[in-house]
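As a plain string of letters, each chain reads:
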Amino acid sequence: MDHGTHHPEAAHDHAVHPHGATWGTAAKATLHCLTGCAVGEILGMVIGTALLWGNAPTMILAITLAFVFGYSFTLFAVIRAGVSPKAAVKVALAADTVSIAVMELVDNAVIALTPGAMDAHLSDGLFWSALLGGFAVAFVVTTPVNKWMIGRGKGHAVVHAHH
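These numbers come from a predicted model, not from an experiment. (Residues numbered from 1 in each chain as written. Predicted model: local features only at pLDDT ≥ 70, side-chain atom pairs only at ≥ 80, totals over all residues. Heavy atoms only, no water.)

**Q** Which parts of the structure should I look at to understand the environment of valine 39?
**A** Looking at the element boundaries, valine 39 is found in helix H1 (residues 23-50). With 30 residues separating them in the primary sequence, valine 39 and phenylalanine 69 have C-alpha atoms 6.8 Å apart. Excluding anything up to four places from it in sequence, valine 39 contacts Phe69 and Phe73. (Helix = DSSP H or I, 4+ residues; strand = E, 2+ residues; numbered from the N terminus. Contact = heavy atoms within 4.5 Å.)

**Q** Before we go on, may I ask you to explain the confidence of the model for the protein chain in this structure?
**A** Mean pLDDT over the protein chain stands at 84; residues scoring 70 or higher make up 85%. Put simply, strand E1 (residues 16-17) is where the protein chain has its lowest mean pLDDT, 42, and helix H4 (residues 125-151) is where it has its highest, 94. Counting contacts from residues 1-19, a segment whose pLDDT is below 50, to residues more than four positions away or on other chains yields 65 contacts. (pLDDT = per-residue confidence, 0-100.)

**Q** Please clarify how the packing of aromatic side chains should be interpreted in this entry.
**A** The description of two aromatic rings rests on the distance between their centres and on the angle between their planes. Tallied over the entire structure, the rule returns two aromatic pairs. Between phenylalanine 67 and tyrosine 71 the ring centres are 5.8 Å apart and the planes differ by 50°, which places this aromatic pair in the tilted class. Taken together, the residues span about one helical turn, with phenylalanine 67 and tyrosine 71 both in helix H2 (residues 55-80) at a distance of four residues. Among the residues examined, phenylalanine 67 registers a relative accessible area of 22% and is labelled partly exposed. On the basis of relative accessibility, which here comes to 19%, the residue tyrosine 71 falls in the buried class. Taking the centre distance of 4.8 Å and the plane angle of 80° together, the rings of phenylalanine 127 and tryptophan 128 count as edge-to-face. Relative accessible area serves as the criterion here: at 6%, phenylalanine 127 is assigned to the buried category. (Phe/Tyr/Trp six-rings, centres within 6.5 Å; stacked < 30°, edge-to-face > 60°. Buried < 20%, exposed > 50% of the residue type's maximum accessible area, 1.4 Å probe, protein only.)

What follows is the structure, given as structure tokens:
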């Protein structure tokens, strides 16, 4: 998913070829996806932790908001490009679902497997290091997935038709 091409100020990298996508295209797609996921997930974790919610409701909120923000970044960019809202929803779902799902699965697995991270508070370095470390691992894992999908005309390659 080359989310980086959504922004008018971003250079367009139309290096989607029948034989595959470039690593640069995949990395930009993943970085843009990560941005939406991070905004939503951090917001969800902060809200759940601040309200002293348990681990499960906090993670559900964080994952839900990660999808909402991840999709919205694509949705609004595609609408700005002149696509109808109904068509833009279809494009965002096609472009982002796999990338966001992989990113959230990996990121939350890192957090869940980091000893003490699920019980850390907002003021704890462990809370932030597990969260940011999870994002870093998710980026590394999701980039090849996005490269594979873009190279096959799937994922964020769908968005290129609307630029």
